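Working through the structure, step by step
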Amino acid sequence: MSEYKGILVIAEQNNNVIHKVSYELLNKAKELAQSLNIPLNCLLLGNDGINAKELNYRGADTVFFMKSEIFLVAEEYLYKQNIVNFINENKPEIVLIGATNFGRSLAPRIAAALETGLTADCTNLKIDEDGHLIQIRPAFSDNILAYIKTAHYPQMATIRYKEFSEAERDLNREINIVELQPYFCNYDKTNIIKTLNDSDVNITEAEIVVATGRGIKKKEDLRMIETLAQKLGGVMGVSRALVDAGMTSSAYQVGYSGNRVKPKIYIACGISGAPQHLAGMKESELIIAINSDPSAPIFSIADYGYVGDIYEIIPNLIRDLD
Amino acid sequence: MDILVLIKEVPDMQKVKFDSEKGVVNRSSAESEINPFDMNALQTAIDLKRKYNATVTVLTMGPPSAEKSLRDAFARGCDHLVLMTDRKFGGSDTYATAKTLASGIKYLEKYDLIVCGEKSVDGDTAQVGAEVAEFLNIPHSYYVEKINNINELEVEVVVESLSSSKQVRKMKLPALIGVTKNINIPKLPTVNRKLESLEVDVKKISLDDLSEYISEIDTGFKGSPTKVSKIIIPHPLERTSQIFKDDYISFKEAIKKEIKKNNIGM
Ligand SMILES: Cc1cc2nc3c(=O)[nH]c(=O)nc-3n(C[C@H](O)[C@H](O)[C@H](O)COP(=O)(O)OP(=O)(O)OC[C@H]3O[C@@H](n4cnc5c(N)ncnc54)[C@H](O)[C@@H]3O)c2cc1C
Ligand SMILES: Nc1ncnc2c1ncn2[C@@H]1O[C@H](COP(=O)(O)O)[C@@H](O)[C@H]1O
């Protein structure tokens, strides 16, 4: 028997607001903890005023809250030092981290420092008959699904955002928060001199994405896509081709090297459906494709398709959809 | 200034075949090439070389055939080529790969900035860079979309959307950066460099060379904490497609119904 026990979810916060991926991790972790009959704990690095209780409501038995203003800046080294020390003291058998940009930058440093393995970007987790964690993840540009086990402790994985639903909120759950001081507060090799407000676009949270690609002839014509998106209460997305052509910023890009989106409705207008594009949107609940080429691969994953010219159809949809 | 670029040779993803019966990747089904994301890492280094008169060394760990990708990197404008190759490196997961690469980097000694790609299209983990940084105990930044400036002491970079905001960061050198595809557009090699690349020396490093830094149990399959127990080729999501042509009215009505059903927007 190993001395490692329990599941640890590392919660993420941005500007002292807990990121939703933390609740999704708690949801999956609760299921794993029940089947192993072990405690589920949560480590939160944040500052005064953060709603740490919420993590109890969402299923954490104990919330370890490491409180300091240094955590208001996302910097990997200080986070890593503090988390590694916590893990070495508390010895969880499973550590889960959200595969957000920050999580993906931070987790490998933690795993390397702990001399253990790390499975990136998992889409599912299971427990095998010996009580080990099976980490399931797409690899080879989403072409295969690999089942991975870790021979060392802790078993560590990052989990994709929006892969699991959020844990339900149960206000009857006991509040159990242990406040901690950070172990390390200074790192002089990285200096974050400015944080810039991100572009206001956040296409990953949208319920409708109206996306376009090389079917658009010039930059001004993007307005037609934006108009339709706005009309439907959604946002615009684009294929990489338009980012490469300098027509718009990468914040709008959907795909393997851009944003992964999972809206309720995805409308692809003048997008061929290259594998790298599909990798970012194929899990949308409903896919609608408009393309002048009936053999465009996008049609094979679409629920509804229209073979036609977007310059005709989009203005008609703008007129008719209300 | 010495810049080190980490590149990986990968199969061409447009052509590679997957054997769904055996659950394996058929590596002979496609030619290998430089990982597309590493093209941007190479271009980053080449641009710095032009601007700051730096020396660019390209390092890869892989089978002997990976020499081809190194020569391609030379043709694009890099100076020195290093191949870490040894049967004992085979079967490395990200942890063992990063540990082995870090040992090779210690062995090479000279580096100020290490540049890697955002991720490899086969491993697809985006972990190797940050793990290398941890093993070397140097700072790192991922998702770098711009290098503002660099001198002997530090580098200033713009980091794309970390924790819902962009950051401008200064890191003391030596440091490691992972760049995104948005940092530049890779240029093609010139004919002259291409010809030269056929003759240029490739330095080889094997496990024996690294005895000071790593032992056999820390590399390859044996040194890998994660093990793949099974591979599945997923079936594409089944969708019952309804494709309209010429019948705009029915198409529009179908969409309208879905929007109403989902009770969103408007
Ligand atoms: C490492 C790597 C990462 C990548 N990452 C991404 C990524 O994240 N996202 C991404 O999107 N791509 C990505 N790509 C690029 C991808 O391979 C494709 O090149 C790209 O998605 C093609 O964009 P597109 O569909 O807009 O253009 P095209 O493939 O040129 O398709 C345009 C489509 O528009 C249709 N069309 C033209 N005119 C009209 C009209 N008037 N009306 C209706 N239809 C019309 C055409 O029939 C065609 O199907 C990546 C590639 C690599 C190698
Ligand atoms: N075998 C390797 N040799 C050299 N560099 C590598 C190797 N594997 C990965 N890298 C680097 O690490 C980055 C991330 O790779 P990965 O973690 O596999 O997604 C790549 O873009 C490369 O820059």
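Looking up chain B in an unreviewed UniProt entry gives the name Electron transfer flavoprotein small subunit, with the organism given as Sedimentibacter acidaminivorans.

Chain A appears in an unreviewed UniProt entry as Electron transfer flavoprotein alpha subunit from Sedimentibacter acidaminivorans. Quoted verbatim from the Sequence similarities (unreviewed entry) field of UniProt, the annotation for chain A is "Belongs to the ETF alpha-subunit/FixB family."

As for the sheet that holds strand β14 (residues 208–212) of chain A
Across a sheet, strands are paired by hydrogen bonds formed along the backbone, either parallel or antiparallel in direction. In space, the six strands of this open sheet follow the order β15(A)-β14(A)-β16(A)-β17(A)-β18(A)-β15(B), with parallel pairing throughout. Lying at the two open borders of the sheet, with one neighbouring strand each, are β15 (235–238) of chain A together with β15 (242–245) of chain B. Looking at each pair of strands side by side, their axes are set apart by 20° on average, direction ignored. Across five bridges, strand β16 (residues 265–269) of chain A lies against strand β17 (residues 286–291) of chain A in parallel orientation. Following the sheet pairing, Ile-265 of chain A is matched in β17 of chain A by Leu-286 of chain A. Contacts from helix α8 (residues 310–320) of chain A reach β14, β16, β17 and β18 (304–307) of chain A, with the element oriented near 130° to β17 of chain A. Contacts from helix α6 (residues 248–262) of chain B reach β16, β17 and β18 of chain A together with β15 of chain B, with the element oriented near 150° to β18 of chain A.

Points about unusual backbone geometry
Between Tyr-153 of chain A and Pro-154 of chain A the backbone carries a cis peptide bond, its omega angle lying at -10°. With respect to the helices and strands, the residue Pro-154 of chain A is situated in the loop between β10 (144–150) and β11 (155–159). At the junction of Leu-173 of chain B and Pro-174 of chain B, the peptide bond is cis and its omega measures out at 0° in the coordinates. Along the polypeptide, Pro-174 of chain B turns up in the loop between β11 (165–172) and β12 (175–179). Unlike most non-glycine residues, Asn-15 of chain A shows phi in positive territory, near 50°. Assignment of secondary structure puts Asn-15 of chain A in the loop between β2 (13–14) and β3 (17–18). In this structure Asn-15 of chain A comes out as exposed when scored by relative accessible area, which is 59%. Positive phi values are uncommon outside glycine, yet Asn-53 of chain B reaches one of about 60°. As for its position among the elements, Asn-53 of chain B is in the loop between α1 (36–52) and β6 (55–61).

What counts as what
- In every chain, residue numbers begin from 1 and rise along the written sequence.
- A letter from A marks each chain and a number from 1 marks each ligand, given out in the order of writing.
- In view of the model being predicted, local features appear only for residues whose pLDDT reaches at least 70, and side-chain atom pairs are presented and counted only at 80 or more, with totals across whole chains, interfaces and linings using the full set of residues.
- Here the side-chain values reflect all heavy atoms present in the structure, with hydrogen atoms and water set aside.
- UniProt positions are given in the numbering used here, feature names are shortened, and annotations may be inferred rather than shown by experiment.
- Pairing between two strands requires that DSSP report at least two bridges joining them.
- Strands here mean DSSP runs of E at least two residues long; helices mean DSSP runs of H or I at least four residues long; both are numbered from the N terminus.
- Here the axes come from fitting lines to C-alpha atoms, over the contacting stretch only for helices, and the angles between their N-to-C directions go from 0 to 180 degrees.
- Only heavy atoms enter the contact rule, under which two residues are in contact if any of them lie within 4.5 Å.
- Three labels apply to residues, based on accessible area from a 1.4 Å probe with only protein chains included: buried if under 20% of the type maximum, exposed if over 50%, partly exposed otherwise in between.

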